[in-house]
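What follows is the residue order along each chain.
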Amino acid sequence: MSAPHNLSPAEAYRHDLKGYLTGFVLAVVLTVIPFAMVAKGGMSFNTVIGTIVVLGLIQVVVHVRYFLHVDLSPERREDLYIILFSALLLFIMAAGTIWILANLQDRMMGGVDMGTMHMESGSAGSSMSGMQMNGTTMKMDGAAKN
Amino acid sequence: MNLTQPFWPAVLGRLDLDSLDFLKVFFHPTLNDVILSGAAWAVLVGGVLGVAVLSYFKLWGPMWRNYLVSVDHKRIGIMYIVLALIMLARGVVEGVVMRTQQADGLGGGFLSANHYAQLFSTHGTIMIFFMAMPFLTGLINIVVPLQIGARDVSFPMLNSVSLGLTVSGAALIMISLVLGEFSTGGWTAYPPYTEMSFQPGVGPDYWIWSLILAGVGSTLTGINFVVTIFKERAPGMTLMRMPMFTWTALCASILLIFALPPLTVAALMLAADRYLDFHFFTNALGGNMMNFANLVWLFGHPEVYILILPAFGVYSEIVATYSGKRLYGYGSLVVATMSIAILSFTVWLHHFFTMGQDANVNAAFGIATMLIGIPTGVKVYDWMATMYRGRVRMTVPMIYLSSFMVLFVLGGLSGIILANPSIDFQVHNTLFLVAHFHNMLIPGLLFGMLAGYTYWFPKVFGFRLNDRWGYISAYSWIVGFVLVFFPLYVVGLMGMTRRTVSYVDPAYQPWMLMSGVGAIFVTVALAALVVQLYVSIRERNYTRDIGGDPWDARTLEWATPSPLPAYNFAVIPHVHAREAFAVAKEAGRGYQEPTGYADIHLPGDTYMGVIMAVFGTAFGFGMIWYMWWLAVVSFAVMAVAFIVRALRGDRAAITIPAAQVEAEHKAWLAQVRTVTPVTRERELEHANHGVAAPETKEVAA
Amino acid sequence: MSHAATMEPAGQNPGLTFGAEHAHDHDHAGKALSGFWLFMMSDLIIFGLFFATYGTMLVPMSFAGGPTPKELFEIPGAAMETAALLTSTLTFGFASLAVKYNFAKGKVLGWLAITLALGMVFLGLEISEFARMFAEGAVPQRSGFLSSFFGLVPLHGAHVTAGSIWLIMMMVQIARGGITDSVRSRLARLALFWHFLDIIWIGIFSVVYLGGLA
Ligand code: HEM
Ligand SMILES: [Cu+2]
């Protein structure tokens, strides 16, 4: 918690308290907007999702700044680096996972509603692995019927 | 308790008479089962023998006091390496059995397919998680605090906990030899084959729990060493003055923190599938087994750099020491290490190029993979430049280093070949790949660890290892490796798949025989290591390292007595240069009298490590065999132990009075003055008692 | 390149010196806090991968003919859970301030108790939500999608539970021994943990609930 050094204890306390309250108010606003949007409905899917993502990311920054007290000050530089480094790795892993699996999903399960299929593992095993080896787009329904 | 349920199944879970492997030989005396039961008997007899030896020599007390409850980073490091060597022995024997099987494998052989599958699964799992990881963790434990001028790690108790968890994982794998079967799904345990529908037995559960336990231990180790390296450095030991081994330890520790979570996640999800009928990776009801491959390699690729970076660190240390020269290109080595660490998170898909994603995805990861060759190449040039015009001595570690430089580059080249997706489609899942990764792991990791073991042994135990048996072992490893694995490149290109017990194409046979001959050399190499240890202990009085600096080495850890006192440094040194000890020796100030002494505080013993080892094993065992009571009780004990310790605080620290430190240090300095310094020609002779005679100064590179 | 030694006046400092040792302060709290940061970041990756897995399961194949997010989730429940957790983050902040400015230990305990109560409310709401889902047949065994939901959200719940147990331990420790240095250091770590769990929750309500209902 980074109150400027020249403050009396009472002033420093008020300064810190204000920090928490600011963070809380911002967090509430950033939470209420997307909740309201979804509850109200009527907006395009992309707008809603875009808003959720952007406000969510902003709220993460708010929490880090006002509750974890990590800011751009030199004393917190170390923690900031840890967070940024972790965020980078998290992004690589999570985005990579989604990219890869979505791509596979597209090429392999594309257009087929697998939801209606309740297969026993054994038989599905052979058809699925056959499909994986193939590496080209293949419609699942053909393979699953045998 | 539910009275309608029979008593024994509730207590013993699914453990029954059929699970006792050591009885199998009496029921089906085939060669396959003789080997199966033989392994179980080996574990049992080995265990009994161990207990007997400890009791006979009355070693239980000392072992408990000096090792099991100790938080001394050196002791913990030793225990890690002992574990690694035991597991190395088992892993190598398994490898040799597999090579023998395949040498005999044209149309049959003596092992059942199921047994062969267990062998490669345990071999791979053990070599990676219970040989390589403990080995490098042990070396890091021993060396890093010394190299940065610290008395211990930041969290000594946690260090003991990490060791305990690692041991419990290894114990489970050893138990799998005696009770029930291990997984047949390979070290990566891909579902759906490891799901309940294909392997309802205990096998994959052994894999899951031993890896989760050891994985948590390794994550904690990573945290411990990152904090240690950032917070415990001696005054003046800036980041850019840290020895290379410490740098690689830092990067490997960071990788441990961030790369183990995907493995933990994958194993937990697989456990949820198997125990609770979830559908993360099943065929039915919307599971997606491709995600498992994705998660496992998100861990797996950084893991290979966790394995190789510390070995690079060892090589960097020994190349400077045994060339009598400052390490060439320190800055570039640091940058290369860090780049490798980051890049290692961007390439995982190259392990499943053939899974079906489109060519653009494959291309992106293929290119990223090839990029890693650049920093690695930089390192090789730096090591060569360090040797150039140096005072090079071909000691055992240098034999490992020079064979590494040749063989690792070859292995790297085969890696670049594999990084090309279109080529990978041809050789994926063949023995070409097996040849490639052994080509990286044996000359890279294993040789590096053995070089480090030879190099730092005198520092830890106070006497040198016998070099004649060291050479025999090193040359046997090299010859054995080449003979075993180069033929696999050939049969791999011919299309022989990995993980197959036998084959029908006679064209493979000559190569398989050659590989089998190599296995003989590998066995000799392992045996030579054992003999070396025995001979070295027997002759320890001739090879005492009194001065603490038998190799005329350059970094801080050699400015201490051997074996080390518990407090490492009588006085924490102030560091004014990179390779500070070498600089001090050049100035004729190798052995200095401190200007004053102070009391030293060391952390007290802890039971936490033992508790983790025992109850971690029991917890895993209960989960594997469905003995729910055991799992619950063990977990509760571990949790309560943590809470109690948290509430009661650390056990009393040990204080060593300044006067005692002063007396011990002065006695050592006096003893050093009686030793005749030796030049490098006589490095390996009995005359070397660890004080180096000044020699020609470094040659400008 | 300059030899590191040449940066010091030559001759005076031969690489190494052994001055008299001062009993330097070891700053245990600082180290523990750094270690805890790293632990949390490792945990963050675990959560991230559960999130990513959840993301890959939002496809018809993984619904496997079972319920979809739109059929399962409702705004009021998620909103109430969010409110409880977010408020508890603020009240923990007040507890931290009470410690920092040396308020009476009763104040500290009071804020911690309120935080704990809010945590319990959160867990209660979450459990009742799971119970409702179970009653509708939305069990984790039903589909890959539900497996990944019940991997991710209860994982967060388990963390909140662990945090609550830790909170209780801290309250016991404070009630018995007052605000000692070790309490300060531990409370700082627990605060970090609690605020961190709230950040994870931002991800959950955004991705799982709002994303699912959008
Ligand atoms: C020292 C002599 C060694 C020998 C003779 C040996 C032999 C073998 C053999 C025969 C296989 C099975 C190949 C197949 O049929 O697919 C194998 C697999 C493997 N080895 Fe080794 N190996 C040795 C050392 C090592 C070392 C040092 C490591 C790692 C540090 C290692 C890691 C592995 C792994 C990860 C696998 C793959 C297991 C699987 O397929 O799941 N090996 N080894
Ligand atoms: Cu890789």
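Preceding block: the structure.
Residues numbered from 1 in each chain as written. Chains lettered and ligands numbered in written order. Predicted model: local features only at pLDDT ≥ 70, side-chain atom pairs only at ≥ 80, totals over all residues. Heavy atoms only, no water.

A. Representation of the coordination of the copper ion (ligand 2). Residue and element names in this part refer to chain B. At 1.7 to 2.0 Å from the copper ion (ligand 2) lie its protein donor atoms, namely His-301 (ND1), His-350 (NE2) and His-351 (NE2). Here the donor residues of the copper ion (ligand 2) are spaced in sequence according to H-x48-H-H. Residue His-301 is located in helix α10 (residues 289–323), and its partner His-351 is located in the loop between α11 (330–343) and α12 (359–387); the two are separated by 50 residues in the primary sequence. Residue classification places His-301 among the buried positions, given a relative accessible area of 6%. (Donors = N, O, S within 2.8 Å, 3.2 Å for Na, K, Ca; no water. Helix = DSSP H or I, 4+ residues; strand = E, 2+ residues; numbered from the N terminus. Buried < 20%, exposed > 50% of the residue type's maximum accessible area, 1.4 Å probe, protein only.)

B. A look at the interface of chain B and chain C. Across the boundary between the two partners, chain B contributes 54 residues, which contact 44 residues of chain C. Across the chain B-chain C interface, the total number found is one salt bridge. Lys-31 of chain C serves as the salt-bridge partner of Glu-232 of chain B, at 2.9 Å between the closest nitrogen and oxygen. When contributions to the side of chain B that touches chain C are tallied by element, the ones reaching two or more residues are α8 (203–231), α9 (244–276), α10, β1 (574–575), α18 (580–586) and α20 (628–648) of chain B. Top contributing element to the side of chain B that touches chain C by residue count: α9 of chain B, with seven residues. (Contact = heavy atoms within 4.5 Å. Salt bridge = Lys/Arg side-chain N within 4 Å of Asp/Glu carboxyl O.)

C. Summary view of the pattern of salt bridges. Residue and element names in this part refer to chain B. Tallied over the entire structure, the rule returns 19 salt bridges over all chains. Among the salt bridges present, the one from Arg-682 reaches Glu-685, with a minimum N-O distance of 3.0 Å. We classify Glu-685 as partly exposed; its relative accessible area is 37%. If you follow the salt bridges from partner to partner, you end up with Arg-14, Asp-205 and Arg-274 in one network.

D. Here's a closer look at the site of ligand 1. Residue and element names in this part refer to chain B. Taken together, the neighbourhood of ligand 1 is formed by 24 residues, with Tyr-116, His-123, Trp-187, His-438 and Arg-499 sitting nearest. Between Trp-187 and ligand 1, the recorded distance is 2.8 Å, taken from a backbone N or O atom to an oxygen atom. Within the backbone of Arg-499, a nitrogen or oxygen atom sits 2.6 Å from an oxygen atom of ligand 1. Sorting the residues of the shell around ligand 1 by element identifies α5 (73–103), α6 (113–147), α15 (431–461) and α16 (467–494) as the ones contributing at least two each. In the shell around ligand 1, the residues fall into 15 nonpolar, six polar and three charged. (Near = heavy atom within 4 Å. Polar contact = N/O pair within 3.5 Å; in protein donor to acceptor, adjacent residues only side chain to side chain. Nonpolar A, V, L, I, M, F, W, Y, C, P; charged D, E, K, R; others polar.)

E. Focus on the interface of chain A and chain B. On the side of chain B, 29 residues touch chain A, which itself brings 27 residues to the contact. Around 2,500 Å² of area is buried between chain A and chain B when both sides are counted, 73% of it from carbon and sulfur atoms. Run the count over chain A and chain B and you get one salt bridge. The salt bridge involving Lys-231 of chain B is made with Glu-78 of chain A; its shortest N-O contact spans 3.7 Å. Run the count over chain A and chain B and you get three residue pairs in polar contact (both at pLDDT 80 or more). Within the residue set of the side of chain A that touches chain B, elements represented by two or more residues are α3 (77–108) and α4 (121–134) of chain A. Per element, the largest residue contribution to the side of chain A that touches chain B is 16 residues, and it comes from α3 of chain A. Looking at the side of chain A that touches chain B, its residues break down into 14 nonpolar, eleven polar and two charged. (Buried area = accessible area lost by both parts, 1.4 Å probe.)

F. Molecular detail of the coordination of the iron atom of ligand 1. Residues and elements named next belong to chain B. Those protein atoms acting as donors to the iron atom of ligand 1 are His-123 (NE2) and His-438 (NE2), and they sit at 2.0 Å. Seen from the iron atom of ligand 1, its six donor atoms lie at angles of 88 to 180°, and the figure they make is octahedral. Of this pair, His-123 sits in helix α6 while His-438 is found in helix α15, placing the two residues 315 residues apart along the sequence. Comparing His-123 with His-438, the two get one shared label, buried. (Tetrahedral: all angles 85-135°; square planar, octahedral: opposite > 155°, others 65-115°.)

Such coordinate-based values are descriptive only and should not be taken to indicate function.
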